[in-house]
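Below are the chains, spelled out letter by letter.
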Amino acid sequence: MSTTAIPLKDLVPEYIKHFEAYIPSKPDDELKKLYGCDPLYRLNNNENPLGPPPAAGAVLEHFETRKAAIYPSGDAYHLRQALAEKFDMNPDQFLIGNGANEVIAFVIKAFCQEGDNIVTADKTFAVYEWIAEFSGFSARLTPLSDFGFDAEAMLEAINERTKILFICNPNNPTGTYWNREQLINFMDQVDGRQIVVIDEAYCEFVENEDFPDAMELLHQYPNLVVFRTFSKMYALAGLRIGYLAGSLEVVDIIRRTCVVYSVNTLAQSAALKALNDDQHIQRTRDHIRQEKARLLPLLEKLGLKYQSGEGCFVMIHLPMSDTLAYRKLMAKGVMIRSMTGFRFPNWIRVSIGSTKAMTAFAQALTELIEQQS
Amino acid sequence: MINQPQRQARLTIKDDLAFLPTVQTFVEKTALAFGLGQTEALALTLAGEEIFNYLCTQVKPEAEIEISCYNGGYYAALEFILPIRNLAMRTFNLTATINIDDENSLDEMGLLLASRMVDHLQIGQNDNGRLQLLLRKEKSYPKTTATNRAPSKPATKNFSIITPEAEELKFFISESHHYTSPELLPQEFSYPGKIVDMVKAGDYQAAIVRDSTGRIGGGIIWYWSSTKMVECYGPFILADDTTPSISPELRQTMAEALLEYCLNAIARSPAVGLLNRSPSPDLPQHHFETLGTVLEYHNTSLPTERPSLFRQMQEDPGAVTWTDPNFEPFLRSEYQRLTLPREIRLTSDSGENRADFSVLASEFDRARHKVTLRPLWAGNDMEKNIADHLTLFTREGLDNIFFIIDLGQSWQAAFGPALRENSFTPRLLLPHGGKGDLLILQKTEPKKTESVS
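Each value, and the rule that gives it
- Residues numbered from 1 in each chain as written.
- Chains lettered and ligands numbered in written order.
- Predicted model: local features only at pLDDT ≥ 70, side-chain atom pairs only at ≥ 80, totals over all residues.
- Heavy atoms only, no water.
- Contact = heavy atoms within 4.5 Å.
- Buried area = accessible area lost by both parts, 1.4 Å probe.
- Salt bridge = Lys/Arg side-chain N within 4 Å of Asp/Glu carboxyl O.
- Polar contact = N/O pair within 3.5 Å; in protein donor to acceptor, adjacent residues only side chain to side chain.
- Helix = DSSP H or I, 4+ residues; strand = E, 2+ residues; numbered from the N terminus.
- Nonpolar A, V, L, I, M, F, W, Y, C, P; charged D, E, K, R; others polar.
- Domains from an automatic or database assignment.
- Pairing = 2+ DSSP bridges.
- Axes fitted to C-alpha atoms, helices over the stretch in contact; angles between N-to-C directions.
- Parallel < 35°, antiparallel > 145°, perpendicular 65-115°, else oblique.
- Left-handed = near helix turned anticlockwise from the far one by under 90°.

## Observations concerning the interface of chain B and chain A
Contact residues are listed per partner, giving 25 residues for chain B and 31 residues for chain A. Across the interface of chain B and chain A, roughly 2400 Å² is buried in total on both sides, 47% from carbon and sulfur atoms. For the chain B face of the interface with chain A, the top three residues by lost area are Arg268, Glu315 and Thr339 of chain B, together amounting to 32%. Taken together, chain B and chain A are joined by four salt bridges. Between arginine 268 of chain B and glutamate 129 of chain A there is a salt bridge, with the nearest N and O atoms lying 2.5 Å from each other. For the pair chain B and chain A, the number of links is 18 residue pairs in polar contact (both at pLDDT 80 or more). Secondary structure elements with two or more residues in the side of chain B that touches chain A: α7 (248–266) and β12 (304–312) of chain B. By residue number, the principal contributor to the side of chain B that touches chain A is α7 of chain B, which donates three residues. Residues of the side of chain B that touches chain A, tallied by class, amount to nine nonpolar, nine polar and seven charged.

Laid out in structure tokens, this is it:
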């Protein structure tokens, strides 16, 4: 056995020394014990309360255990075929990842080297910034303008070492989006000099007609990469599966950094069945609409400022620390997302859950605000 | 904590007194090269000499001592590092080699002598588990003369929050004396040049309100007080109640914007919390929770009761807390008040063998007459060891004595009875400030207090 202390100071890169590991929340049984609450409604991860589409659910129920011993398709062959058919593209224009987070890493690894940077907003999904920084690349952040991505600020932030621009459309957590005209205008100004990633994790929730389908722009802009996920609308978050699409030449580069066999068989099969269930999308949209229609008047009544855009979530501004509100709501059996980490101090984000969960949230929030005043 | 020193010089040497002149020359020349004045460089050299002398008498022969001198911009720091295997653990104790009952012996105590010559002395273990003695001597700076000037015109509502340039920062610091009670301003605010150097060194960060005409409306300063905790001063708004052109709403908007700027700057960092130990009247208190108060003893006047405000930067994941039963009522009450989910586990002495000697790490802040003790090792002499340290501190005129227990480290709970016997009182809890929550205890005297709100 070696008795020498590991020289971590010398072994660990500087950018890792200054990076803090993300600590996910504990499992429900542990949280219930800690906070003394039961039931516990999770309204923190923007999960779909309706569950997966029925056909995908059937795949899970009837999964043959013997298949667990067999490696999955290394590159999700059948799913890529189905995506190609759905979007009228070549199967090689798709890469499937273990959740969309993995495909973010693929793209950054493919295009960035020492000294390079990415550009994104300061108040958006944190994973673009995190992956860039713990990979040793800097993230140039631009402030939001009226809760939305500021195209001009992003263009100004580009320098000679900028490789990728990340836009979350609609934005998590604000729900704002660029319409087709704004997106095309932005792509024209970038003029193919950098890779532009449009993360459409929540696109299936948007009903407005001016919302752009970035997939349709791929043939026009070969530097465009589109992210989508099966975690949100298709409710397969527990299986971890997402994908990216781009031009053949760009995807060919990204594929070189792609970890094959990272997506399991169950996830591939369920995603394949979920893909074309438009009724599921409609049912989910109806539910979100109904629950937002119940929630927003309550927020008005409580005198709380809120930001409700597209997507299955609403941001609420509180007259108290959001991390304190998190603990107090947890003690009442409701888990929300505190927004200090998104650089929205004293805001919380609540996911639209089941009617029962939303009723519990409404009651807990009302009590919290009444106790505060 | 040394924050990315700009320059560093290192000397590795055997613990042999024959090398004393080498150490003296190394420290003096390096300190001068790093910008200390003659007086400060001499003080640091003398302190270094005392430490080296002390280590040569305590450390096993032929041990290698690593001596580093850092340029912190506004200070020079001297660090001695050596493996623990080369010395008795008791050496960590300030009181290890002196007869506490003999006042003359105090003057023979190298560590204590060194502590008198520098602004900051820290004895403890570094990240690699080696003994670390860290001394810091600051440069001298001229005191602000802002109080002699007429106050500036207040900023208007068309403002933005920016990182100030050096002159803007000095202006903000100097002007803050016009509008804020002296007891709410940190001591460093008397030396604007020092703050500029602290910001340059990366130890402090600052933001100010600047309006479209270039007027400065206020500011905030923050810094990392440990690897997990950020503390802030302010916000301080440069206007008083009688200033006609600044409404209470505008004042509040500026303060809120300054605080949010600070919060956003540390939002995706390892910071678990933001602490404010001197809440200014402009601090937007709805962002914070009150943790408790500490008493601030001054030489002659009554102690001041000072509240500590805190906000978590991350969602609380829950934790296990180990404590001696003495502190259980305090902890239960505080955890309930703060809605902190904790599993409290009580410890007890079950007759198991323990080391003969306990070990305490000391951190001096002489400018504030303050010393902080942390346990490094539990032992049978805990009560006496603490009492000896207290005797020493009292003789040194240090009135503000704190003891910090990491409730996430079960062995530290053994200090509970000894702390109670030595009149330490739990004052506040710092959630996730260490491996677990930190319990901050203070040596208190039954005196009357004044409160600051």
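## Topic: the domain arrangement of chain A
Residues and elements named next belong to chain A. Segmenting chain A into domains produces domain 1 (10–51 + 279–372) and domain 2 (54–274). One C-alpha centre belongs to domain 1, the other to domain 2, and the line joining them spans 24 Å. Taking both sides of the interface into account, the surface hidden between domain 1 and domain 2 amounts to around 2700 Å²; carbon and sulfur atoms contribute 64%. Three residues stand out in domain 1 for area buried against domain 2, namely Phe19, Glu310 and Arg343, and they jointly supply 25% of the buried area on that side. Across the contact surface, domain 1 and domain 2 share two salt bridges. For arginine 289, the salt bridge is made with glutamate 207, and the minimal N-O distance between the two is 2.9 Å.

## Here's the deal with the sheet that holds strand β17 (residues 400–406) of chain B
All names here are of chain B. The strand order across the open sheet formed by ten strands is β1-β2-β3-β5-β4-β15-β16-β17-β19-β18, and the pairing between neighbours is mixed. If you trace the sheet from one side to the other, it starts and ends with β1 (7–14) and β18 (424–430), each paired once. Along the sheet, successive strands turn relative to each other by an average axial angle of 20°, direction set aside. One ladder, built from eight bridges, connects β1 with strand β2 (residues 64–71); its direction is antiparallel. Within β2, the residue paired with glutamine 8 across the bridge is tyrosine 70. Packed on one face of the sheet, helix α9 (residues 382–395) meets β15 (359–365), β16 (370–377), β17, β18 and β19 (438–443) and runs near 20° to β15.

## Some words on the sheet that holds strand β7 (residues 224–229) of chain A
Residues and elements named next belong to chain A. In space, the seven strands of this open sheet follow the order β2-β8-β7-β6-β5-β3-β4, with mixed pairing throughout. Edge strands, defined here as strands with exactly one partner in the open sheet, are β2 (94–97) and β4 (138–142). On average, each strand axis in the sheet is inclined to that of its neighbour by 20°, with strand direction left out of account. Here β2 runs beside strand β8 (residues 242–246); their pairing, made up of four bridges, is antiparallel. If you follow isoleucine 96 over to β8, its bridge partner there is tyrosine 243. Across the sheet, helix α7 (residues 127–134) touches β3 (117–121), β4, β5 (162–168) and β6 (195–199), and the angle it forms with β3 is around 160°. Against the sheet, helix α9 (residues 180–190) engages β5, β6 and β7, with an angle of about 160° to β6.

## What to know about the packing of helix α1 (residues 20–33) of chain B against helix α2 (residues 38–58) of chain B
Residue and element names in this part refer to chain B. Where α1 contacts α2, the two axes come as close as 9 Å, and the packing angle between them is 150°. Between α1 and α2, the angle falls in the class roughly antiparallel. Here α1 runs over α2; the crossing is right-handed. Contacts from Leu20, Val23, Gln24, Val27, Glu28, Ala31 and Leu32 in α1 reach Gln38, Ala41, Leu44, Thr45, Glu49, Phe52 and Asn53 in α2.

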